[in-house]
Amino acid sequence: MENFLNWIMLNQQIIYIVILMIFVGIEVIGRVPSVLHTPLMSGANAIHGVVIIGAIIVMGKAQTDNYLALTLGFLAVILGTLNVVGGFVVTDRMLEMFKGKNKKK
Amino acid sequence: MAQILTLCYLVASVTFIIGLKMLSGPATARKGNLVAAAGMTIAIFGTIFLYENEGVKLGNYAWIFSGLAIGGFLGTLVAKKVKMTAMPEMVSLFNGMGGACAALISLVEYNHLSHEIQLSGIETGHTGKVIIIALGLIIGSVSFSGSMIAWGKLNGKIKDFSFAGQNILNMILLLVALLGATWLVIHPGNMMYIYAIFVLALLYGVLFVMPIGGADMPVVISLLNSFTGMAAAFGGFLYDNKVMLTGGILVGAAGTLLTMLMCKAMNRSLRNVLIGSFGGNKKGLAAGAQEQGTYKEISISDSAMLMSYANKVIIVPGYGLAVAQAQHACHELEKLLVDKGVEVSYAIHPVAGRMPGHMNVLLAEADVPYEKLLEMEQANDEFKTTDVVLILGANDVVNPAAKKDPDSPIYGMPILEVEQAKNVIVNKRSMKPGYAGIENDLFFQPKTSMLFGDAKKVLQDLVTEIKSV
C-alpha cells in the first residue's frame, strides 16, 4: 500500500496528464457529426503515429554493434513514419473532397 | 537545448488537441489535419536534433534519416494512389504499422534492459519499466495483427473464420500472455519470454478479429485505433515523453468514444460486436434462405420512366456504389431528375458502406450538395411521401429483418425503412446476400423491383434513357 501511494506521489504529474487527456479526448470528439467519423478516425490514426518519436529515440540510442537493436529500431522508424505520413495524407485526401462543398456554402 | 525540446513537445501536444477539435467540424477539418501534421513535424525534428539522454545526444543519424525517407516515400505513395473506396482498409493498414512500431520499441527496450541486467547481475528494481514494456508490446502486437486481418477482410482477401470454443481459446491465449508478462516482471532479463509473449499477442490479435463479420470491421478498426493510441502512451511512460503520452492518451480516449458511437449507430453493444453474433449465428442464415421467394426484375427504360414521372425520389447508396465508383454517375442522374422537376435526396445510413461517413465522403467527391444528404431519422420520415426509392448496392441497412426477425443476426439495428415508399428499385449485381451474409426479404416484396448490373453502368444507362424520355 505504501509503495502504491509513493508511486502515485512520484508520478502524479503523469497521472494528472492521463486523466485530463482522457477527458479532453472525449470532449473533443463528443460533438462530431457522423459525416466526419471516417476522416476523424483517420486523423486520430495519424496522431497516434507520435509513437515514431519512441522509434527515433530507440534508433538513436542503439549501440553501433547491437545489430538486433539497429535492425528492429530501423524497422520501427520506417513503420512509424508510414503511420504518420500515410495517415495525414489519407486524411487530407478525404477532406479535400469536403472543401469544394464548403466553398459553395 | 532540452528546454527548446520541451517547448517543441508542448506545441505539438497543443496542435494535436486543436487539430482533433478542428477535425470534428466540417468547415475546419482539413485545416485541423494540417495543424496536427505541423505539430507532428515539429515533434519529430525536435526529437532528432535536440533529444538528450543523460547528456548524450542521439546517434545513428544515417539510419534515422533513411528510415524516415523510406517510410515517408512509401506512405505518401500508397496514400496518394489508393482509391477512395479503399480508404477504410488504408486506415486499418496504417494503424497496424503504428501498432507494430510500438511493439518493436518494446522489444528493443527490453533487449537494452536485459543487457543491463546481465552486466550488473541485479534483477530487481525494474518492475515499473518491465510492466510498461510488456503492456506496450502486447497492445501494440494485438493492434498490428488485428489490423492486418481487418485490412485483409475489407479488401476481401480473408474470409470470416470461426470455430467452436474460439472465444475460450482467445481468453486462454490472452491469459497466458498476461501470465508470461507477470513472469517477466518477476524474472526480467530473458529474451526468450518476451518473444513468446510477442508471438502469443500476435496470435491473439489474429484470432480476435477473425470471427468478427466484415460489416463490423469499422468498429473493430476504431477499437484497434484506440489500442495503438494506448500503446503509444506506454511509450510515453517509458521515456517520460509528454508528447507521446498526450497524443497516445488523446487518441486512446477519443478512439474508444468513437467506437462506442459507432456501436450506438448500430444499436448494439461493443460486447455483442466482439463476442459476435454475426460470425456465430448460422440459424438466421439458414432460416433466411428458406424463405426465398420470387422477385421481379425491372428494365432500364421502365426504371427511367418511373423516376422521371415521380414527384420525389430518394437514393439509398451502399457499398455497391463505392465499389463501382459510381458516385459521379449518381450525381449526374440526380441533376437530370432535378432538372425534370423531381425532388431528389439521398438517405445515408450511419453504417452504409464500410465505415461511418463512407458514403458522405464519396458523394462529396462527386460534388453532391450537403443539404441533399438525409440522415437516417430524417429519411425515415420522408419515405412515406416518396414515390421511388432507388437502392444502389445497399443491402443490410435496408433489411426489414432487423426490425421483424429476432433470430436475425442484425436484429435490433436501426434501418432505413424503404418499404414505406410507393416503389422500391434495388440495383445489385446479383441476388447474393450482403456483407452480413443474410437474405433480405425486401427483395421479394411486391413493391420491390430488381435492377441487376454494375451500379455505374446501370446509372449511366439510366441517364441516357431519361435524357431521351
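None of the values given here were measured: they were computed from a predicted structure. (Residues numbered from 1 in each chain as written. Chains lettered and ligands numbered in written order. Predicted model: local features only at pLDDT ≥ 70, side-chain atom pairs only at ≥ 80, totals over all residues. Heavy atoms only, no water.)

Enquirer: What's the story with the overall build of chain B in this structure? I'm lost.
Expert: Helix and strand counts for chain B stand at 18 helices and 9 strands. Dimensions of chain B along its principal axes, counting C-alpha atoms only, are 85 × 50 × 30 Å. The contacts in chain B between residues at least 6 apart in sequence include a share of 77% that link residues at least 24 apart. Each charge sign in chain B was given a centre, from 34 positive and 34 negative side chains, and these centres are 2 Å apart. (Helix = DSSP H or I, 4+ residues; strand = E, 2+ residues; numbered from the N terminus. Contact = heavy atoms within 4.5 Å. Lys, Arg positive; Asp, Glu negative; His and termini not counted. Charge placed at Lys NZ, Arg CZ, Asp CG, Glu CD.)

Enquirer: How should the domain arrangement of chain B be read in this particular structure?
Expert: Quite often, the size of an interface is put as the accessible area lost when its parts meet. Taken domain by domain, chain B consists of domain 1 (1-81), domain 2 (86-280) and domain 3 (294-468). The distance between the C-alpha centroids of domain 1 of chain B and domain 3 of chain B comes to 43 Å. (Domains from an automatic or database assignment.)

Enquirer: How should I be thinking about the confidence of the model for chain B in this particular structure?
Expert: Detailed reading of the predicted coordinates is not advisable wherever pLDDT falls low. All names here are of chain B. Averaged over chain B, the pLDDT score is 85; the fraction of residues at 70 or greater is 93%. Per-residue pLDDT, averaged within each element of chain B, yields its smallest value for helix H11 (residues 282-290) (41) and its largest for helix H2 (residues 29-50) (94). Across residues 277-291 the pLDDT falls below 50, and counting only partners more than four positions away or on other chains, this stretch makes 22 contacts in the model. Here the predicted complex carries an ipTM of 0.91, next to a pTM of 0.79. (pLDDT = per-residue confidence, 0-100.)

Enquirer: What is the right way to read the side chain of Thr47 of chain B from this model?
Expert: Secondary-structure assignment places Thr47 of chain B in helix H2. What makes Thr47 of chain B buried here is its relative accessible area of 0%. Among the polar contacts made by the side chain of Thr47 of chain B, one reaches the main-chain carbonyl oxygen of Ala43 of chain B at a distance of 2.6 Å. In this view, Thr47 of chain B contacts Ile53, Ile56 and Ile57 of chain A together with Leu5, Tyr9 and Leu58 of chain B; residues no more than four positions away in its chain are not counted. (Buried < 20%, exposed > 50% of the residue type's maximum accessible area, 1.4 Å probe, protein only. Polar contact = N/O pair within 3.5 Å; in protein donor to acceptor, adjacent residues only side chain to side chain.)

Enquirer: For this particular structure, what's the right way to read the pairing of strand E4 (residues 312-317) of chain B?
Expert: On any regular strand, side chains alternate: one points to one face of the sheet, the next to the other face. All names here are of chain B. The buried fraction of E4 amounts to 6 of the 6 residues, a majority that puts the element mostly inside the structure. Of the two faces of E4, the one carrying Lys312, Ile314 and Val316 and the one carrying Val313, Ile315 and Pro317 are both buried. Summarising the sheet, E4 and strand E5 (residues 343-348) pair through 4 bridges and their orientation is parallel. Pairing of Lys312 across the sheet is with Glu343, part of E5. For E4 and strand E7 (residues 388-392), the ladder comprises 5 bridges, and the chain directions are parallel. When the sheet's bridge partners are listed, Val313 is paired in E7 with Val388. (Pairing = 2+ DSSP bridges.)

Enquirer: Before we go on, may I ask you to explain the packing of helix H4 (residues 87-120) of chain B against helix H7 (residues 191-209) of chain B in this structure?
Expert: Helix packing for two helices is described by the angle between their axes and how far apart those axes are. All names here are of chain B. Packing of H4 against H7 brings their axes to within 10 Å, and their N-to-C directions diverge by 170°. Classed by the angle they form, the pair H4 and H7 counts as roughly antiparallel. Considering how the two elements wind past one another, H4 and H7 form a crossing that is right-handed. Residues Ala103, Leu107, Tyr110, Asn111 and Ser114 of H4 touch H7, and the partners they reach there are Met191, Ile194, Tyr195 and Phe198. Taken together, the residues of the contact of H4 with H7 break down into 7 nonpolar, 2 polar and no charged. (Axes fitted to C-alpha atoms, helices over the stretch in contact; angles between N-to-C directions. Parallel < 35°, antiparallel > 145°, perpendicular 65-115°, else oblique. Left-handed = near helix turned anticlockwise from the far one by under 90°. Nonpolar A, V, L, I, M, F, W, Y, C, P; charged D, E, K, R; others polar.)

Enquirer: Can you walk me through the interface of chain A and chain B in this structure?
Expert: With 82 residues of chain A at the contact, the number on the chain B side is 101 residues. Both faces considered, chain A and chain B share a buried interface measuring about 8300 Å² in area, 77% of it formed by carbon and sulfur atoms. Where chain A packs against chain B, one counts 2 salt bridges. With a closest N to O distance of 2.9 Å, Arg30 of chain B and Asp92 of chain A form a salt bridge. The tally of links between chain A and chain B comes to 16 residue pairs in polar contact (both at pLDDT 80 or more). Mapped by element, the contributors of at least two residues to the side of chain A that touches chain B are helix H2 (12-30), helix H3 (37-47), helix H4 (52-61) and helix H5 (67-104) of chain A. By residue number, the principal contributor to the side of chain A that touches chain B is H5 of chain A, which donates 34 residues. (Buried area = accessible area lost by both parts, 1.4 Å probe. Salt bridge = Lys/Arg side-chain N within 4 Å of Asp/Glu carboxyl O.)

Enquirer: Whenever I open this one, the pattern of salt bridges confuses me. Can you help?
Expert: Side chains carrying opposite charge are able to pair once their charged atoms draw close together. Residue and element names in this part refer to chain B. Under the criterion given, the structure shown has 8 salt bridges over all chains. Between Lys404 and Glu419 there is a salt bridge whose closest N-O contact spans 3.2 Å. Pair noted here: Lys404 is in helix H17 (residues 401-404) and Glu419 is in the loop between H17 and strand E8 (423-428), with a separation of 15 residues, a long-range link. The partner of Asp461 in a salt bridge is Lys457, and the shortest N-O contact between them spans 3.1 Å. Taken together, the residues Asp461 and Lys457, both in helix H18 (residues 455-468) and 4 residues apart, mark about one turn of the helix. Residue Lys457 is classed as exposed on the basis of its relative accessible area, which comes to 51%.

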